[in-house]
Amino acid sequence: MIKLFGGGSLNGDAPIETVNLMRLGLITENDLTSAGLELFIAAFKAQREARRSELMA
């Protein structure tokens, strides 16, 4: 999700990954859904906290 929202793409990924994200209701053909956005925010925060923990270790 971070890859997609952060300006990345699914180019080179298995097409089934895109289909699965669509089936889960996380993305449409053009954008994130509201559920996808919520998941992105949660993943972003978790990643940020993990990085902070690594820097403090």
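Residues numbered from 1 in each chain as written. Predicted model: local features only at pLDDT ≥ 70, side-chain atom pairs only at ≥ 80, totals over all residues. Heavy atoms only, no water.

**Overview of the overall build of the chain**
So, point 1. Scanning the chain from terminus to terminus reveals 3 helices and 0 strands.
So, point 2. Going residue by residue from the N terminus, the α and β elements of the chain occur as α-α-α.
So, point 3. For the chain, with 57 residues in total, the buried portion stands at 14%.
So, point 4. Residue pairs in contact within the chain that sit at least 24 positions apart in sequence constitute 37% of those at least 6 positions apart. (Helix = DSSP H or I, 4+ residues; strand = E, 2+ residues; numbered from the N terminus. Buried < 20%, exposed > 50% of the residue type's maximum accessible area, 1.4 Å probe, protein only. Contact = heavy atoms within 4.5 Å.)

**Comments concerning the environment of Arg52**
So, point 1. Considering the arrangement of structural elements, one finds Arg52 in helix α3 (residues 34–56).
So, point 2. Here Arg52 falls in the partly exposed class, since its relative accessible area comes to 44%.
So, point 3. At 3.1 Å, the side chain of Arg52 forms a polar contact with the side chain of Glu49. (Polar contact = N/O pair within 3.5 Å; in protein donor to acceptor, adjacent residues only side chain to side chain.)

**Here's the deal with the side chain of Thr33**
So, point 1. Relative to the helices and strands, Thr33 resides in the loop between α2 (15–23) and α3.
So, point 2. For Thr33, a relative accessible area of 19% puts it in the buried group.
So, point 3. Ignoring anything within four residues of it in the chain, the contact list for Thr33 reads Gly25, Leu26, Ile27 and Thr28.

**Thoughts on the pattern of salt bridges**
So, point 1. Applying the stated criterion to the full structure yields 1 salt bridge.
So, point 2. For Arg52, the salt bridge goes to Glu49, with nearest N and O atoms at 3.1 Å. Taken together, the residues span about one helical turn, with Arg52 and Glu49 both in helix α3 at a distance of 3 residues.
So, point 3. Overall, the relative accessible area of 39% leaves Glu49 in the partly exposed class. (Salt bridge = Lys/Arg side-chain N within 4 Å of Asp/Glu carboxyl O.)

**Observations regarding the confidence of the model for the chain**
So, point 1. Overall, the prediction assigns the chain a mean pLDDT of 83, with 81% of residues at 70 or greater.
So, point 2. Confidence, read as mean pLDDT per element, is least for helix α1 (residues 2–5) in the chain (61) and greatest for α3 (90). (pLDDT = per-residue confidence, 0-100.)

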